[in-house]
Amino acid sequence: SFGSSVAAAGDVNDDGFDDVIVGAPGYDLPGLTNCGAAFIFLGSDSGLQTTPAWSFYGESSEDRLGYAVAGVGNVNADRFDDFMVGAPYHSSLEYAYQGAAYLFLGDELSLSTTPHWAKYGGQENANLGTSLTPAGDLNQDGYPDAAIGAYQYTGDHSKEGRVYVYYGSQDGLLGSASWWADGEKADATFGWAIGGNGDLNRDGYLDLAVGAPGFRVGEVITGRAFVFYGVPEAGIPPPLPHNLPFSSR
């Protein structure tokens, strides 16, 4: 499944050439079926190098690491761009298929194969890491931020889905989410897809879009896409009912 996900990684080694990250969620290691893998290919004056400069593999069978990959910008504001990898079917002893998302920091000499930061779904079948996106600098503090989807997260409604935003800082992404929102209906699968979409309404603040393909209108599965507008200081609004879909504004 090499190439199931691809993304611009930015310039992870600050050599002046942009790089690419590729996911292979069906990758096998001895004794680990479908653990998944992700690879970084560095840019050069002759194009992408054909041998990966970095690789990372799922922790256990069926992790499907590499299902989602993303360059998230320079989240700690050093010279190097950073990147994330999702493993939405990662399981722990406590929670089957809780999912996981990992952050790796760019570096001039060699990229670490130990995640700088990792987050897990925290409940069975949350599938955290299904989607990842660079969100830009939502709170305008000088550090880019990142968003992560957990499309089967159960909050007030079964498998409604949830999206988290983690703000950047001088130490990388913060340990706790600074904002989140839920699908608000059972089986909405909110967070299946997410995108940082720039400043859609030209108010000076970046905005965030979220897809919910399982969203129902009545008994019909129509799907729905939502846009959350950025606001001063808070970055994006808290997850309150007034955050309506873009089409209703």
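Residues numbered from 1 in each chain as written. Predicted model: local features only at pLDDT ≥ 70, side-chain atom pairs only at ≥ 80, totals over all residues. Heavy atoms only, no water.

Considering the overall build of the protein chain
Of the regular secondary structure elements, the protein chain holds zero helices and 17 strands. At 18 Å, the protein chain has a C-alpha radius of gyration in line with the 18 Å of a compact globule built from 249 residues. Along the three orthogonal principal directions, the C-alpha set of the protein chain runs to about 50 × 45 × 30 Å. Looking at the 249 residues of the protein chain, the share that counts as buried comes to 49%. In the protein chain, of all internal contacts separated by at least 6 residues, the share reaching a separation of at least 24 is 49%. Carbon and sulfur atoms make up 51% of the accessible area of the protein chain, which totals about 11,100 Å². Side chains of the protein chain give 10 positive and 31 negative charges; the mean places of these two sets differ by 13 Å. (Helix = DSSP H or I, 4+ residues; strand = E, 2+ residues; numbered from the N terminus. Rg over C-alpha atoms; globule rule 2.2 N^0.38 Å. Buried < 20%, exposed > 50% of the residue type's maximum accessible area, 1.4 Å probe, protein only. Contact = heavy atoms within 4.5 Å. Areas by Shrake-Rupley, 256 points an atom, 1.4 Å probe, with all protein chains shown as cover. Lys, Arg positive; Asp, Glu negative; His and termini not counted. Charge placed at Lys NZ, Arg CZ, Asp CG, Glu CD.)

Section: the environment of Asp182
With respect to the helices and strands, the residue Asp182 is situated in strand β12 (residues 179-182). Taking the C-alpha atoms as reference, Asp182 lies 39 Å from Leu48; in sequence the two are 134 residues apart. Excluding residues that lie within four positions of it along the chain, Asp182 makes contacts with Glu160, Gly161, Arg162 and Phe190. At 2.6 Å, the side chain of Asp182 and the side chain of Arg162 are in polar contact. (Polar contact = N/O pair within 3.5 Å; in protein donor to acceptor, adjacent residues only side chain to side chain.)

Comments concerning the packing of aromatic side chains
For the structure shown, the criterion picks out 22 aromatic pairs. Judged by centre distance (5.5 Å) and plane angle (15°), the rings of Phe83 and Phe104 are stacked. Here the residue Phe83 occupies a position in strand β6 (residues 82-87), and Phe104 occupies one in strand β7 (residues 100-104), the gap between them amounting to 21 residues. With respect to burial, Phe83 and Phe104 carry one shared label: buried. Taken together, the ring pairs in this structure connect Trp54, Phe56, Phe83, Tyr102, Phe104 and Tyr120 into an aromatic cluster. (Phe/Tyr/Trp six-rings, centres within 6.5 Å; stacked < 30°, edge-to-face > 60°.)

As for the nonpolar core
Core analysis: the biggest nonpolar cluster contains 19 residues, and Val72, Met84, Leu103, Trp117, Leu132, Ile148 and Leu173 have the highest contact counts within it. Elements that contribute at least two residues to this core include exactly β5 (68-73), β7, β9 (128-136), β10 (145-150) and β11 (162-166). Core analysis: the second largest hydrophobic core is formed by 18 residues, Ile21, Leu42, Phe56 and Val85 among them. (Core = buried A, V, L, I, M, F, W, Y, C linked by side-chain atoms within 4.5 Å.)

Geometry only, nothing functional implied.
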